[in-house]
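Here is how the chains run, residue by residue.
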Amino acid sequence: MPASWVSPAFFVSPSLPSAENLLRWYHVHRRILPWRAGPGSLPDPYHVWLSEIMLQQTVVATVIPYFHRFIERFPTISDLAVAADDEILGLWAGLGYYARARNLIRCARAVAEAGGFPVTLDGLRALPGIGPYTAAAIGAIAFDIPVVPVDGNVERVTARMFAIEEALPAAKDAIAVAAARLGAQAAAQSSPGDFAQALFDLGATVCTPRSPSCMVCPWRDGCAAHARGLSADLPRKAKRAARPVRRGTVFVMQDRSGMIGLRRRPPRGLLGGMLEVPGTDWEATAPPPVPPCAAHWLDAGTIIHVFTHFELRLTVKAGRVAALPGGIVAAPPDTPLPTVMRKALEAGLAVLDERSPK
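Residues numbered from 1 in each chain as written. Predicted model: local features only at pLDDT ≥ 70, side-chain atom pairs only at ≥ 80, totals over all residues. Heavy atoms only, no water.

(A) Highlighting the environment of Asp79. Within the fold, Asp79 resides in helix 4 (residues 77-81). A relative accessible area of 31% means that Asp79 is categorised as partly exposed. In this structure, the C-alpha to C-alpha distance between Asp79 and Ala108, residues 29 residues apart in sequence, is 9.0 Å. (Helix = DSSP H or I, 4+ residues; strand = E, 2+ residues; numbered from the N terminus. Buried < 20%, exposed > 50% of the residue type's maximum accessible area, 1.4 Å probe, protein only.)

(B) Broad picture of helix 14 (residues 339-355). The end-to-end C-alpha separation of helix 14 is 25 Å, in line with the 24 Å expected for 17 residues at 1.5 Å each. Within the span of helix 14, buried status applies to Val340, Met341, Ala344, Leu345, Ala347, Gly348, Leu349, Val351 and Leu352. Elements in contact with the buried residues of helix 14: strand 1 (245-254), strand 2 (260-264), strand 3 (275-276), strand 4 (298-306) and strand 5 (311-320). (Expected span 1.5 Å × (residues − 1). Contact = heavy atoms within 4.5 Å.)

(C) Spatial organisation of unusual backbone geometry. Cis geometry marks the peptide bond from Leu168 to Pro169, where omega comes out at 5°. When you line up the elements, Pro169 lands in the loop between helix 9 (152-161) and helix 10 (172-183). Here the amide bond leading from Leu234 into Pro235 is cis, since omega sits at -5°, within 30 degrees of zero. You will see that Ala163, though not glycine, has its phi angle at about 50°, which is positive. Within the secondary structure, Ala163 sits in the loop between helix 9 and helix 10. The backbone phi angle of Ser211 is positive, close to 50°, even though this residue is not glycine.

Put into C-alpha cells, the structure is as follows:
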C-alpha cells in the first residue's frame, strides 16, 4: 500500500474530526494562491500540475513568482510543450532539483501530444515526474477524485489528530491509512479538492511544525495529540545522519566587455543541462584547482550550498581576462543560473568590482 495516498474505503469512527467543520473553516480562511480556483470549483489541471511540480521540496512563497512567470510566458501546457529546453530551464533556475524541470518538459510534451491530462490516478502516475503523491493531488484538486494526498502538512495534521507516536519515516503507512479515514467522511467525499486543500492550509497556517495554534484550530476538539498535550511533539522523526561534505573550486571569469564565462553541464545528473561557472569536480577531498586560463586569480572566499544528500563547499576564484578561453560560453552576468552557481558568480564579481579602478 503506497504511503503517499490511500483510497478512503475505511470505516469512519463517530469521534473523527469533522470534515464538514474543516471545510467550513477553509471557505473562510483559505489561502489565496494563483493556481487555485474558488471553493467548489475545479481549477485548470495545467495550473495544478505546474504548481505541484514546483512545490516539491520548495515553499509556497518561493514558488508564487516562478508560477506567475511560467504562466505569463506559457499560458497553456501546449505553449510549454513547444518551448525550447533552454528557455524552460532558464526560467526554472533558482527553484533547484533540476531533474524536476527536465521531467516537466517531458510531461508537458506527453500531455500535449495526448490532448490533455488523463483523469485517472493510474494515468496520471504514468506521466514523467508524477509519483503517487502528485497524482493524488492533481486527481483530487483538478478532477475531484476522492483520494487524500499526503504531503508534509497533511502528514503532520494526521499524526497529531490520531496521536501517532511512531517516528517518521516508519510511520508513513500508518499516517496514510489514518488520513484516508479522514477523507472517507461524506463531506470530504463530496468535495475532494477542497478537502485536500483544506488539509494543506490547516497544516500550513494553524497546525504548524512548531508552536501550533491549537486554540484557533477547527479540529482541536477531535485532536488526540492536543488532548494528551503532545501536539508540538508530533510527528516524531528519526535522527538523520549528518550530510557528507563535498568540495571543489570554481573560476569566475569576466572579459573586457563585461561578459562572464560559463559552461554547460552534462544533460544527465545533478543540475543536468544547466549553465555553470567552470570549475573542478565536487569530491570529498577538494581536487587540485586547475584554472581554465591564465589570469591574476583573486580569492573570493568560499560559498556553501546544501543539496538533499550532501553539503557543497566551493572555493571561488575570480579573474579578469582579455578574452574568454575556447569551449566557454560568453554570457551576460544576469544570465539565469542555478542557485549555487549564482552564489559563486556574485561572490566572484563582488571581488572583481572591489579591485576595479575607482
